[in-house]
Amino acid sequence: MTDIAFYHLERSALQDVLPKLLEKTLAAGKRALVLASSEVRVESLNGALWSYDPASWLPHGSARDGAAAEQPVWLAVDGVNANDAEYLFLTDGATLAELAPFERCFVLFDGTDAVALDAARAQWRQYKDLGHALTYWQQSARGGWEKNT
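Residues numbered from 1 in each chain as written. Predicted model: local features only at pLDDT ≥ 70, side-chain atom pairs only at ≥ 80, totals over all residues. Heavy atoms only, no water.

Asks: Would you explain the packing of helix 1 (residues 14-27) against helix 2 (residues 39-51) in this entry?
Replies: Helix-helix packing: each pair is described by the crossing angle between the helix axes and the interaxial distance. Where helix 1 meets helix 2, the closest approach of the two axes is 10 Å, and the angle between their N-to-C directions is 65°. In this structure, the crossing between helix 1 and helix 2 has a hand that is right-handed. Residues L14, Q15, L18, P19 and L22 of helix 1 lie in contact with helix 2, whose contacting residues are R41, L45, A48 and L49. (Axes fitted to C-alpha atoms, helices over the stretch in contact; angles between N-to-C directions. Helix = DSSP H or I, 4+ residues; strand = E, 2+ residues; numbered from the N terminus. Left-handed = near helix turned anticlockwise from the far one by under 90°. Contact = heavy atoms within 4.5 Å.)

If you want it as structure tokens, here you go:
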């Protein structure tokens, strides 16, 4: 079963949290597939990953860039694992029925949005019923992450 971590974003935006998680992914020697809700959102995230830290470089691409198999981080709207990623990042309420190809899945959701919060709760129930190992991370008052059970 895939280990699934839910990240309840309350104090930071997705474009601020995602690069840090992707840096850790690459440091662990893993590849990532990031699913977003639309091509517009994919390109927004693509731009954010280029500019989030002027002193850093995070190799990534999208369909607009091409060469998926060469990209350690692939941004997409479909669930095709075009870069043979071991880690899956679900953003903007994106879902994927088949998680078996992935070691880990990260569900990042906006905790200030009632619709996103309800969707994340539904995903939690669904994945729990399927027998996946689940963890829940919530931002602390200082912006760090606290694991809740």
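Asks: What is the right way to look at the side chain of Q123 in this model?
Replies: Mapped onto the elements of the fold, Q123 is located in helix 3 (residues 114-129). Each residue touching Q123, except ones within four places of it in the same chain, is listed here: F6, L90, A94, T95 and V107.

Asks: For this particular structure, what's the right way to read unusual backbone geometry?
Replies: Excluding glycine, residues mostly have negative phi values, and the peptide bonds linking residues are mostly trans. The phi dihedral of A67 is positive, around 55°, even though this residue is not glycine. Tracing the backbone shows A67 in the loop between strand 3 (61-62) and strand 4 (73-76). The exposure class of A67 is partly exposed, given its relative accessible area of 42%. Not every positive phi belongs to a glycine, and D92 is a case in point at roughly 55°. Tracing the sequence through the fold places D92 in the loop between strand 5 (87-90) and strand 6 (104-110). (Buried < 20%, exposed > 50% of the residue type's maximum accessible area, 1.4 Å probe, protein only.)

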